[in-house]
Amino acid sequence: MGNRPDYTRNFTHTNITDTGSMYSVLQHTALKHLSLVEVAGYTANAFRIIIDCERVNVAGYSAFEWPLHHKEQFSNLGVSTWHEGGPTSMPPSPEELERALELIHWSLDRGIPVMAWDLFVPDFGVIYGYNDETRTLRCRHVAKDGELPYEMLGRGQAPELYVIAVTETIEVDKLTMLRGALQLAVRHAREQGYKREDSKYRNGLAGYDAWIQAFGHRNVEVFGNSLHGVMHYDQRLFAAEFMKRVSAELQGESGADNQLGSLAGQAAIHYDKVADSFAEFVKRFPFPKGGEPNDAEEAAAAIRLLTEARFEEEQGVGLLEQMLLLLDELAE
């Protein structure tokens, strides 16, 4: 833990662009008090891993049904949403574009930005302004802040339209959010989430197996592998920090809360160890050049690190399941 790169800037920044975009949007709602760590944890994004079993393709990080998952994640925070579009691999029709622009105008006129896909590059970002005279949207992505013509929405490098806006917020207590987050995290760890029969993507613990399989075949995409290393290092740093904070908040409360806090503290230790493995991984395969992942010696080292990370992840998931059982009993 002593020599780990700090890409999170002490947990004020994340490379997970939907997490960062959700946090930015929530800053303009009644949930602006939630920290970035809490948004990463209570949406369960901190526990996500999706890997292409053939090549560790760069697209793995977004290989999920965006509207469904983001709706579930926002809902766990007490946020209702409306969306237009999704991962269709097709540019929008004029009618679809018009509906999306109407949704954007409606939300921005209420003072709330929207999350969207492929504003400048194939990734998630935020639309926070518009100008009808110039027909441009003011957009922010992790790497750029600028204007996008209305006609280019959903017609960029990865032509598919996706916009999601907040429609309502209600107050949800933290134990309820924690229970929901654990349900999302455990389901992601244990069940295949990408339902297309021909999918090469694997998530959760199977995602580690897919990554190891690709290294075993010496068929790893250099850029994709390095990007996934950075992203999953980021996510497990946030997972460990989230569990630490949950543990600290629950200490000294009721007996059940103390038990929950103890389990969260134990889970934090395992996710910290996962982060340790990824810290070594990102130094060996630095983003974006990526090193030599298909070299026999480098591949063997990667398989060792991923095997260690998977072991610790499974221990962490087991503790999340124990926490969920306890919360389910309290809810009865």
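This report concerns the structure included in the present document. Note that the coordinates shown come from a computational prediction; the quantities given were computed from them, not determined experimentally.

Quick notes on the rules
- Residues numbered from 1 in each chain as written.
- Predicted model: local features only at pLDDT ≥ 70, side-chain atom pairs only at ≥ 80, totals over all residues.
- Heavy atoms only, no water.
- Helix = DSSP H or I, 4+ residues; strand = E, 2+ residues; numbered from the N terminus.
- Rg over C-alpha atoms; globule rule 2.2 N^0.38 Å.
- Buried < 20%, exposed > 50% of the residue type's maximum accessible area, 1.4 Å probe, protein only.
- Contact = heavy atoms within 4.5 Å.
- Areas by Shrake-Rupley, 256 points an atom, 1.4 Å probe, with all protein chains shown as cover.
- Lys, Arg positive; Asp, Glu negative; His and termini not counted.
- Charge placed at Lys NZ, Arg CZ, Asp CG, Glu CD.
- Axes fitted to C-alpha atoms, helices over the stretch in contact; angles between N-to-C directions.
- Parallel < 35°, antiparallel > 145°, perpendicular 65-115°, else oblique.
- Left-handed = near helix turned anticlockwise from the far one by under 90°.
- Nonpolar A, V, L, I, M, F, W, Y, C, P; charged D, E, K, R; others polar.
- Core = buried A, V, L, I, M, F, W, Y, C linked by side-chain atoms within 4.5 Å.
- 1 Å grid on protein atoms, 1.4 Å probe; cavity = no way out; pocket = protein on both sides within 12 Å on 5 of 7 lines; lining within 4 Å.
- Points joined across faces, edges and corners; volume = space filled by probe spheres on them.
- Expected span 1.5 Å × (residues − 1).
- Polar contact = N/O pair within 3.5 Å; in protein donor to acceptor, adjacent residues only side chain to side chain.

## A closer look at the overall build of the chain
Consideration 1: Regarding its fold elements, the chain presents nine helices and eight strands.
Consideration 2: At 20 Å, the chain has a C-alpha radius of gyration in line with the 20 Å of a compact globule built from 332 residues.
Consideration 3: Overall, the C-alpha framework of the chain stretches about 55 × 55 × 40 Å when taken along its three principal axes.
Consideration 4: Residue burial in the chain is summarised as follows: out of 332 residues, 55% are buried.
Consideration 5: Pairs at least 24 apart in sequence give 74% of the contacts found in the chain among residues at least 6 apart.
Consideration 6: Total accessible area computed for the chain in this model is approximately 14,400 Å², and 51% of it derives from carbon and sulfur atoms.
Consideration 7: For the chain, the separation between the mean place of its 31 positive charges and that of its 49 negative charges on side chains is 3 Å.

## Things to note about the packing of helix α5 (residues 174-190) against helix α9 (residues 296-331)
Helices that pack against each other are described as a pair by the angle of their axes relative to one another and the distance between those axes.
Consideration 1: Between α5 and α9, whose axes approach to 9 Å, the crossing angle comes to 135 degrees. Considering their axes alone, α5 and α9 lie oblique with respect to each other. Judged by the twist between their axes, the crossing of α5 over α9 is left-handed. Along the contact surface, α5 presents Leu 175, Leu 178, Arg 179, Leu 182, Gln 183, Ala 185, Val 186, Ala 189 and Arg 190, while α9 presents Glu 314, Val 317, Leu 320, Glu 321, Met 323, Leu 324, Leu 327, Asp 328 and Ala 331.
Consideration 2: Of the residues assigned to the contact of α5 with α9, the class counts are twelve nonpolar, one polar and five charged.

## Quick notes on the nonpolar core
Nonpolar side chains tend toward joint burial in soluble globular proteins.
Consideration 1: Counting residues in each nonpolar core, the largest one holds 88 residues, and the members touching the most others are Phe 47, Leu 320 and Met 323.
Consideration 2: Discounting residues that sit within four places of it in the chain, Met 323 has contacts with Leu 178, Leu 182, Met 243, Val 246, Leu 260, Leu 263 and Ala 264.

## Some points on the layout of surface pockets
Consideration 1: The space that makes up the largest pocket amounts to roughly 380 Å³.
Consideration 2: Forming the walls of the largest pocket are 23 residues, and the residues nearest its centre are His 69, Glu 72, Arg 187, His 188 and Gly 193.
Consideration 3: Sorting the residues of the lining of the largest pocket by element identifies α3 (66-76) and α5 as the ones contributing at least two each.
Consideration 4: Residue classes in the lining of the largest pocket are distributed as nine nonpolar, eight polar and six charged.

## Some remarks on unusual backbone geometry
Consideration 1: Each neighbour pair has its own omega, and for Phe 287 with Pro 288 the value is 5 degrees, a cis peptide bond.
Consideration 2: Note on placement: Pro 288 falls in the loop between α8 (255-284) and α9.
Consideration 3: Phi angles above zero are rare outside glycine, and Phe 11 is one such case at about 65 degrees.
Consideration 4: Looking at the element boundaries, Phe 11 is found in the segment before α1 (17-26).
Consideration 5: Residue Val 56 is not a glycine yet carries a positive backbone phi of 60 degrees.
Consideration 6: Considering the arrangement of structural elements, one finds Val 56 in the loop between β1 (50-52) and α3.

## Overview of α9
Consideration 1: Its 36 residues give α9 an end-to-end C-alpha distance of 51 Å, which sits within 8% of 52 Å, the value for a rise of 1.5 Å per residue.
Consideration 2: A side-chain oxygen of the first residue of α9 lies 3.1 Å from the backbone nitrogen of Glu 297; this N-cap is Asp 295.

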